[in-house]
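Chain residues, written in single-letter form:
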Amino acid sequence: MFDPRDPAFLADPYPAFAALRAEGEVHRHDGLGIAITVSHAASAAVLRHRGLGRIWTDAQPLERFASFNLLHRNSLLENEPPAHTRLRRVIAGEFGRGHVQRLRPMVGELAESMVDTLAAKIAADGSADLLEHLAQPLPVAVIAELLGVPTSDGSQLVAWSNAIVKMYEYGLSEDGRDAAEQAAADFVAYLREVVAGSPRGIVRDLTASELTPDEVVATAVLLLMAGHEATVNVIGNGVTALLTHRTEWERLRSDPTLLDTAVEELIRFDSPLQLFERTATEDVEIAGHRVAKGSKIGALLGAAARDPKVFDTPDTLDVGRSPNAHLGFGMGIHYCVGAPLARVEIAAALTALTKRLPGLRLAAEPERRPEFVIRGLRALPVTV
């Protein structure tokens, strides 16, 4: 069984997933303390099954994690109907496909400006970090503008988010847990100030809605966190994949009609979210494995994305792959509400990069984050 802390596994987890999938669709992982699904069919079943839900359990002790628990107890992601339905209804219109498509020109202009900055940095220094100059600031700037918070606060929002999401990993140190709570407390205080001032954008709409004050803050924080975490990691992981599979970079660069399928393929090929847990609200059976009421099972999305029963040559990057039934944005009622916006942002980044920097190359080995559940990079040095 794989060790989620092993640097070799984190560098390339997919051979380990393939070996597990050859043995069966569901496995007990004693290190994680849960069962995990490694096939596409079993993972999809976990995401869709009505007897499996997101049942939040407060981090303990309560007095130590007051803000972290507040954010998650009132979160869309950690609730089932009817609370989930009520929370999702409030924000669904803001991220509908039609509304998001109207944002495409603005997102495209932001991406072009940031790639110009990246190009200038490369020209001046010989190389630059694509994460620092494009992958991180682009989604943060977009979601901050939509929510109505200052884009100049973007770096602080990213720092808080990065600290909080480490709590989703396994075996986090006590210092890391304390850092997550402190970041949550700071994030809560920040949003309360925004709400108490003259809120605009989505924060204004949330404040005027039926949501409680705690739900307003939790929803805004979730949108800020989810609004950049997935996108930054798809761009980082995806550009790395394209630059190490050079023929696919050249293929996309020479044929912009492949943009939409390329976006889906980058989400599939190196999933930014590797594991999504659900809790059984009744006894459930997944691919012959019994999940007792109250116990957890995790859909291993990275493994599902390489299932040869669903994807031809799954270990091959193919920017023209169609159909592409990846599970990168989930399924069922917890399907990512921000998926349309993420697709627009990823497409804008790829368009700006391939047009402005067609000769883009890796300047050094990308530095990977040492986490398993949220898969991404710390730095992506590039040159031309």
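The structure this text deals with has already been given above.
Let me sum up the structure you'll find in this document. Source: prediction; values computed, not measured.

1. Details of the overall build of the protein
In terms of regular secondary structure, the protein is built from 17 helices and 12 strands. Expressed as lengths along the three principal axes of its C-alpha atoms, the size of the protein is roughly 55 × 55 × 40 Å. Buried positions account for 55% of the 384 residues belonging to the protein. The contacts in the protein between residues at least 6 apart in sequence include a share of 71% that link residues at least 24 apart.

2. Describing the pairing of strand β1 (residues 26-29)
The pairing of β1 with strand β2 (residues 34-37) spans four bridges and is classified as antiparallel. For His-29, the partnering residue across the bridge sits in β2 and is Ile-34. The turn joining β1 and β2, which pair antiparallel and follow one another in sequence, is formed by four residues; a positive phi near 80 degrees is taken by Gly-33.

3. Considerations on unusual backbone geometry
The omega torsion of the bond from Gln-60 to Pro-61 falls at -5 degrees, within 30 degrees of zero and hence cis. Tracing the sequence through the fold places Pro-61 in the loop between β3 (52-53) and α4 (66-73). Cis geometry marks the peptide bond from Ser-322 to Pro-323; its omega dihedral reads 0 degrees. Here Pro-323 shows up in the loop between α16 (301-304) and α17 (339-356). Positioned with a positive phi, Ala-287 is a non-glycine residue whose angle comes to about 50 degrees.

4. Some points on the environment of Leu-222
Counting through the fold element by element, Leu-222 comes out in helix α13 (residues 213-244). When the C-alpha positions of Leu-222 and His-72 are compared, they lie 8.7 Å apart, and in sequence the two are 150 residues distant.

5. Some words on the sheet that holds strand β12 (residues 381-383)
For sheets, the rule is that strands pair by backbone hydrogen bonds, running either parallel or antiparallel. Within the open sheet, the three strands sit side by side as β4-β12-β9. Their pairing is antiparallel. Two strands close off the open sheet at either side, each with one partner strand: β4 (128-129) and β9 (361-362). Relative to β12, β9 is paired through two bridges, and the arrangement is antiparallel. Among the inter-strand pairings, Arg-361 is bridged to a residue of β12, identified as Thr-383.

6. Quick look at the environment of Met-167
Residue placement: Met-167 occurs in the loop between α10 (154-165) and α11 (174-196). The sequence separation of Met-167 and Leu-71 amounts to 96 residues, and the corresponding C-alpha distance is 13 Å.

7. Re the packing of helix α15 (residues 259-269) against α17
Packing of α15 against α17 brings their axes to within 10 Å, and their N-to-C directions diverge by 110 degrees. The orientation of α15 with respect to α17, classified from their angle, is roughly perpendicular. Along this stretch, α15 crosses α17, giving a crossing that reads as right-handed. The segment α15 lies against α17, with Leu-259, Val-263, Glu-264, Leu-266 and Ile-267 engaging Arg-343, Ile-346, Ala-347, Leu-350 and Thr-351.

8. Quick word on the packing of aromatic side chains
Under the defined criterion, the tally for this structure stands at 10 aromatic pairs. Summarising the aromatic geometry, the rings of Tyr-14 and Phe-17 are spaced 5.8 Å apart at their centres and angled 85 degrees between planes, so their arrangement reads as edge-to-face. Pair noted here: Tyr-14 and Phe-17 are both in helix α2 (residues 14-23), with a separation of three residues, about one helical turn. The residues Tyr-14 and Phe-17 share a single accessibility class, namely buried.

9. Here we look at the layout of surface pockets
Empty space left among the atoms is revealed by rolling a probe the size of a water molecule over them. Reported here for the second largest pocket is a volume of approximately 440 Å³. Every residue lining the second largest pocket is counted, 22 residues in all, and those nearest its centre are Ala-11, Thr-240, Asp-270, Arg-368 and Arg-375. Of the residues forming the lining of the second largest pocket, the biggest block, four residues, is contributed by α13. In terms of residue class, the lining of the second largest pocket is made up of 10 nonpolar, four polar and eight charged.

10. Re the side chain of Arg-268
Mapped onto the secondary structure, Arg-268 falls in helix α15. Side-chain polar atoms of Arg-268 contact the backbone oxygen of Thr-316, separated by 3.2 Å. With sequence-adjacent residues up to four places away left out, Arg-268 is seen in contact with Ala-305, Arg-306, Phe-311, Pro-314, Thr-316, Arg-321, Asn-324 and His-326.

Definitions and limits used
Residue positions are counted from 1 within each chain, in the order its sequence is given. Restriction of local features to residues with pLDDT of at least 70 applies here, the model being predicted, together with a cutoff of 80 or more for giving and counting side-chain atom pairs; totals for whole chains, interfaces and linings are based on all residues. As a convention, hydrogens and water are excluded, and side-chain values are obtained from all of the structure's heavy atoms. Here a helix means four or more residues in a row that DSSP labels H or I, a strand means two or more in a row labelled E, and each is numbered from the N terminus. Only protein chains enter the accessibility calculation, which uses a 1.4 Å probe. A residue is then buried if its area is under 20% of the maximum for its type, exposed if over 50%, and partly exposed in between. By definition in these notes, contact holds between two residues if any of their heavy atoms fall within 4.5 Å. Strand pairing requires that DSSP identify at least two bridges connecting the strands. Axes, fitted as lines to C-alpha atoms, cover a helix only where it is in contact. Angles between the N-to-C directions of the axes lie from 0 to 180 degrees. Orientation is classified from the angle alone, with under 35 degrees giving roughly parallel, over 145 giving roughly antiparallel, 65 to 115 giving roughly perpendicular, and any other angle giving oblique. Crossing handedness is defined as follows: a turn of the near helix away from the far one that is anticlockwise and smaller than a right angle gives a left-handed crossing, while the clockwise case is right-handed. Note on aromatic pairs: the rings of Phe, Tyr and Trp (six-membered ring only in Trp) are paired at centre separations within 6.5 Å, and the planes decide the class, stacked below 30 degrees, edge-to-face beyond 60, tilted for the rest. The distinction between a cavity and a pocket rests on a 1 Å grid over the protein atoms alone: a 1.4 Å probe fits inside a cavity but cannot get out, while a pocket stays open yet meets protein on both sides within 12 Å along at least five of seven lines, and a residue with an atom within 4 Å of a point counts as lining. Grid points are joined across faces, edges and corners, and a volume is the space filled by probe spheres set on the points. All amino acids are sorted into three groups, where Ala, Val, Leu, Ile, Met, Phe, Trp, Tyr, Cys and Pro are nonpolar, Asp, Glu, Lys and Arg are charged, and the leftover types, Gly among them, are polar. By the criterion applied in these results, polar contacts are pairs of N or O atoms within 3.5 Å in which, for protein atoms, one can donate a hydrogen and the other can accept it, and in which residues neighboring in sequence qualify only through two side-chain atoms.

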